[in-house]
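Observations on the three-dimensional arrangement
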Amino acid sequence: MLPDIESLNETLRPGSSPAGATRVAASRAELIARIADAAAQGSAASVFLGTSFDTAGATARAADAAASAGKPLHPLAGLPVSIKDLYDVAGETTRAASPVRDDAAPAAADAPVVARLRASGAALVGRTNMTEFAFSGVGINPHFGTPVNPADTQVQRICGGSSSGAAASVALGLSVAALGSDTGGSIRIPAALCGLTGFKPTARRVPLAGAFPLSYSLDTACAMARSVADCVLVDAVIADAPVVPVVKPAGALRLAVPRQAVLDEVDDNVARAFDLALGRLSAAGVRIEQIDVPELDELPAINAAGGLTASEAYAIHRHTLPARRDLYDPRVARRIERGAAMSAADYIDLVRARAAWIARVEARIAGFDAVACPTVPMVAPAIAPLLADDDLFLRTNTLLLRNTSIFNFLDGCSISLPCHQPGELPVGLMLSHGAMRDAQVLGTAIALEAIVKR
């Protein structure tokens, strides 16, 4: 398991103590070599759909040489970063983890977010597995296998989706950060289930060009890592403009916990970890208030016809799906086909209803530093039952997405922090707010991260 980026850079600093260096590697190039060896092991099965360790090694050697020469380096320089198979990488085929796109032409150029990571000096180690076309929060892929959550060595559990391989790459120590995406929770769900930190920025802050779309209205380019500081660092690289987190003392922070929806059907593990986290925050002086947000109970009715994701996904796949349906994951195909029933008038009504809903919710939470709730209501479920039972899969997927998708619909920003105790299955605490409150949410997360991890 890799440490956070700041610690790793200190370990790899020229002249650092040999004892410290031997914990991870003596150089960035050696680190990449070790990761390449680890990626070949059985525990990393289904994590990558393609690797680029030779190129990553060359990038790492260049960073080592620059560091030895005393040249300034970006904190990501020479460090391993994985790329979800949703983004264009020059010369590679973007499959979105689907055989439907096996014959797609290789990308002519990097997606802007990939280009920005490359420009920072990051060593891009490979393309990570995902739910086909990013259309599920579970993370199962029948074509290329399902990454296994390393948090449990006894039971094979999901990593969550759709950025399943991205989460596994960080949790297994194969990357320091993973570029993923979040349409309804696809960064925060796997971060929560794998014990990582995942930040979904306000969607408009990060370009989506060169990313295979799921929902034009909701898709967000973003990343997960091991800490809030690492997420801030990666966000500053991929966003059009970095934000400076606004950090307040814990005693000056005010959190809202909605009474509606977000605490329904929470399992005992999550309830215990969430209550303990709130207790620690309260003891540290954070003001925590339960509030009514009745608009949360309106969401099922607003999205009854399939919502923005199904309608927009159908628009994207409406020509390919009828012709090549046998190549699609049947569960993904059925979800896409729900969008066929939505008329243009229904879609316009939904867009207008969303705008009015956002205005009402933002008014209710305006006076708080963040809204707090469990990221997902369950710990990572076992893979085998989900493979065998379509009804269980659908119920689990709906529940996994319920809390996170609220803040995509809000067009907001949101971060998941691990809040479980050592030896327990991972649980995430989610802090969220409305659009362009990124500096506020990140600052709140920085102030509270150490408290909830105690």
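Predicted, not measured: the structure shown is a model, and the values here were computed from it.

About the thresholds
Residues numbered from 1 in each chain as written. Predicted model: local features only at pLDDT ≥ 70, side-chain atom pairs only at ≥ 80, totals over all residues. Heavy atoms only, no water. Helix = DSSP H or I, 4+ residues; strand = E, 2+ residues; numbered from the N terminus. Rg over C-alpha atoms; globule rule 2.2 N^0.38 Å. Buried < 20%, exposed > 50% of the residue type's maximum accessible area, 1.4 Å probe, protein only. Contact = heavy atoms within 4.5 Å. Areas by Shrake-Rupley, 256 points an atom, 1.4 Å probe, with all protein chains shown as cover. 1 Å grid on protein atoms, 1.4 Å probe; cavity = no way out; pocket = protein on both sides within 12 Å on 5 of 7 lines; lining within 4 Å. Points joined across faces, edges and corners; volume = space filled by probe spheres on them. Phe/Tyr/Trp six-rings, centres within 6.5 Å; stacked < 30°, edge-to-face > 60°. Lys NZ or Arg CZ within 6 Å of the ring centre and 35° of its normal. UniProt positions renumbered as here; feature names shortened; annotations may be inferred. Core = buried A, V, L, I, M, F, W, Y, C linked by side-chain atoms within 4.5 Å. Axes fitted to C-alpha atoms, helices over the stretch in contact; angles between N-to-C directions. Parallel < 35°, antiparallel > 145°, perpendicular 65-115°, else oblique. Left-handed = near helix turned anticlockwise from the far one by under 90°. Nonpolar A, V, L, I, M, F, W, Y, C, P; charged D, E, K, R; others polar. Pairing = 2+ DSSP bridges. Right-handed = clockwise from strand over helix to strand, strands pointing away.

Once that is clear, we can look at the overall build of the chain. Assigned secondary structure in the chain consists of 17 helices and eleven strands. Computed over the C-alpha atoms, the radius of gyration of the chain is 21 Å, within 12% of the 22 Å expected from 2.2 N^0.38 for a compact globule of 454 residues. With the principal axes as the frame, the chain shows a C-alpha extent of 60 × 60 × 45 Å. Taking all 454 residues of the chain together, the buried fraction comes to 59%. Nonlocal contacts in the chain, meaning residues at least 24 apart in sequence, comprise 78% of its contacts between residues at least 6 apart. By element, 55% of the accessible surface of the chain is carried by carbon and sulfur atoms, the whole surface being about 16900 Å².

This part covers empty space enclosed by the protein. The tally for this structure, following the rule as stated, stands at four cavities of 30 Å³ or more. Of the pockets and cavities examined, the largest cavity occupies roughly 70 Å³. Lining the largest cavity we find Pro258, Val262, Val293, Leu296, Trp357, Val361, Ile365, Val371, Ile406, Phe407 and Leu410. When contributions to the lining of the largest cavity are tallied by element, the ones reaching two or more residues are helix H14 (344-365) and helix H16 (390-409). Sorting elements by how many residues they give to the lining of the largest cavity places H14 first, with three residues.

Let us look at the environment of Gly137. Positionally, Gly137 belongs in the loop between strand E3 (123-128) and helix H6 (164-171). For Gly137, a relative accessible area of 0% corresponds to the buried category. Among residues more than four places away in sequence, those in contact with Gly137 are Gly160, Gly161, Ser162, Ile189, Asn397, Leu400 and Leu401.

So, about the packing of aromatic side chains. Counted under the stated rule, the structure contains four aromatic pairs. Between Phe133 and Phe212, the ring centres sit 5.4 Å apart and the planes meet at 35°, which makes this aromatic pair tilted. Separated by 79 residues along the polypeptide, Phe133 in the loop between E3 and H6 and Phe212 in the loop between strand E5 (197-200) and strand E6 (221-225) bring together distant segments of the chain. The pair formed by Phe133 and Phe212 is uniform in burial state, with each residue classed as buried. With a centroid separation of 5.2 Å and an interplanar angle of 70°, the aromatic rings of Trp357 and Phe409 are classed as edge-to-face. Separated by 52 residues along the polypeptide, Trp357 in helix H14 and Phe409 in helix H16 bring together distant segments of the chain. The pair Trp357 / Phe409 is uniform in exposure class, with both members buried. By the ring-pair criterion, three or more aromatic residues cluster together here, those being Phe133, Phe212 and Tyr328. When the ring centre of Phe393 is taken as origin, the NZ or CZ atom of Arg331, which lies over that ring, is 4.2 Å away.

In this section: the UniProt feature "domain: Amidase" (unreviewed entry) in the chain. Those places that UniProt annotates as "domain: Amidase" (unreviewed entry) correspond, in this numbering, to residues 46-442. Annotated as residues 46-442, this span is 37% helix and 14% strand, and its ends, taken at the C-alpha atoms, are 32 Å apart.

By size, the foremost hydrophobic cluster in this structure holds 109 residues, and its most contacted members are Leu76, Tyr87 and Leu117. Apart from the residues within four sequence positions on either side, Leu76 is in contact with Ile5, Val81, Leu117, Ser120, Gly121, Ala122, Ala123, Val176, Leu233, Val234 and Val237. Counting residues in each nonpolar core, the second largest holds 23 residues, with Ile291, Val293, Leu299 and Leu410 among its members.

Think of two packed helices as two axes; the pair is described by the angle between the axes and how far apart they sit. As a packed pair, helix H13 (residues 330-337) and H16 sit with axes 12 Å apart at the nearest point and diverge in direction by 60°. As judged from the angle between their axes, H13 and H16 are oblique. Where H13 crosses over H16, the two elements pack in a sense that is right-handed. Across the interface between the two elements, Arg331, Arg334 and Arg335 of H13 pack against Asp390, Phe393, Asn397 and Leu401 of H16. A breakdown of the residues in the contact of H13 with H16 according to their chemical character gives two nonpolar, one polar and four charged.

This part covers the pairing of E3. The buried count for E3 comes to six of six residues, which makes it a mostly enclosed element. Pairing of strand E2 (residues 80-84) with E3 involves five bridges; the strand directions are parallel. Bridge pairing in E3 places Ser82 opposite Gly126. Crossover connection from E2 via helix H5 (residues 112-119) to parallel E3: handedness right-handed.

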